[in-house]
Amino acid sequence: YAIGQLHNLYILAENSHGLVLVDIHAAHERVIYERLKESITNAKLSCQLLLIPLTVEVGEPAAKLAEEYATDLAKLGLEISRLGYGSIVVRQIPALLAKTDIAALISAVLADFAEYQNSYQVTERMNQLLATVACHSSLRGHNQLSLVEMNALLRDIENTQHSNQCNHGRPTWIQLRLNDLDRLFLRGK
């Protein structure tokens, strides 16, 4: 449970093991990121039809792959069809990737399908975008939180996957056990 804030950057909390220090921004960022991923996974992937379909020259082997894996590509939110011998037309993409270099993405996805019969390029790019959105929409340093808000964030952390680190790999919280604190203050000596 929250005890208070330190410089409006960290939550000081107590649990049965001792003291927990929580980086407010990093913890909130992870909570938001996981919620965004869950909402995309549980809801139908939001896609965007291209106003002007994009023609991409990919070469004959890749164009053949696009035709062969059209159903799998559609599951990734990509509506692609073969246009000619070595070209394809892209009609739809995941809405989150609207500002992505579509031609480069399609080339990478088709290269993955050629090598592995699957691709994680779209998912990885979407996760990168979600991480950016989470980072920019999470609580920043110097936000004064009430005890209720701090405890709400602590409960969110408890119920979030991978909550021990933010999207950039920084720790979100650390535990100082009572015996660690006793050692720091030379108790029992």
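Below or above, wherever it landed, is the structure these notes cover. (Residues numbered from 1 in each chain as written. Predicted model: local features only at pLDDT ≥ 70, side-chain atom pairs only at ≥ 80, totals over all residues. Heavy atoms only, no water.)

Looking at the overall build of the chain
Here comes step 1: Looking only at helices and strands, the chain features seven helices and seven strands.
Here comes step 2: Counting from the amino terminus, helix and strand elements in the chain follow one another as β-β-β-α-β-α-α-β-β-α-α-α-β-α.
Here comes step 3: Taken over the C-alpha trace, the chain has a radius of gyration of 23 Å; the compact-globule value for 189 residues is 16 Å, which it surpasses by more than 25%.
Here comes step 4: Taking the principal axes of its C-alpha atoms as reference, the chain extends roughly 80 × 35 × 25 Å.
Here comes step 5: In the chain, buried positions account for 36% of the 189 residues.
Here comes step 6: Contacts in the chain between residues at least 24 apart in sequence constitute 68% of all its contacts with a sequence separation of at least 6.
Here comes step 7: In the structure as shown, the chain presents an accessible area of about 11,400 Å², 55% of it carried by carbon and sulfur atoms.
Here comes step 8: Positive and negative charge centroids in the chain, built from 17 and 20 side chains respectively, lie 5 Å apart. (Helix = DSSP H or I, 4+ residues; strand = E, 2+ residues; numbered from the N terminus. Rg over C-alpha atoms; globule rule 2.2 N^0.38 Å. Buried < 20%, exposed > 50% of the residue type's maximum accessible area, 1.4 Å probe, protein only. Contact = heavy atoms within 4.5 Å. Areas by Shrake-Rupley, 256 points an atom, 1.4 Å probe, with all protein chains shown as cover. Lys, Arg positive; Asp, Glu negative; His and termini not counted. Charge placed at Lys NZ, Arg CZ, Asp CG, Glu CD.)

Some points on the layout of surface pockets
Over the atoms rolls a probe the size of a water molecule, and its path tells where empty space is left.
Here comes step 1: Counted as a void, the largest pocket has a volume near 240 Å³.
Here comes step 2: Forming the walls of the largest pocket are 13 residues, and the residues nearest its centre are Asn15, Val20, Leu154, Arg155 and Glu158.
Here comes step 3: Elements represented by at least two residues in the lining of the largest pocket include exactly β2 (10-15), β3 (18-23), α6 (147-158) and β7 (173-177).
Here comes step 4: With four residues, the single largest contributor to the lining of the largest pocket is α6.
Here comes step 5: Grouping the amino acids of the lining of the largest pocket by side-chain chemistry returns seven nonpolar, three polar and three charged. (1 Å grid on protein atoms, 1.4 Å probe; cavity = no way out; pocket = protein on both sides within 12 Å on 5 of 7 lines; lining within 4 Å. Points joined across faces, edges and corners; volume = space filled by probe spheres on them. Nonpolar A, V, L, I, M, F, W, Y, C, P; charged D, E, K, R; others polar.)

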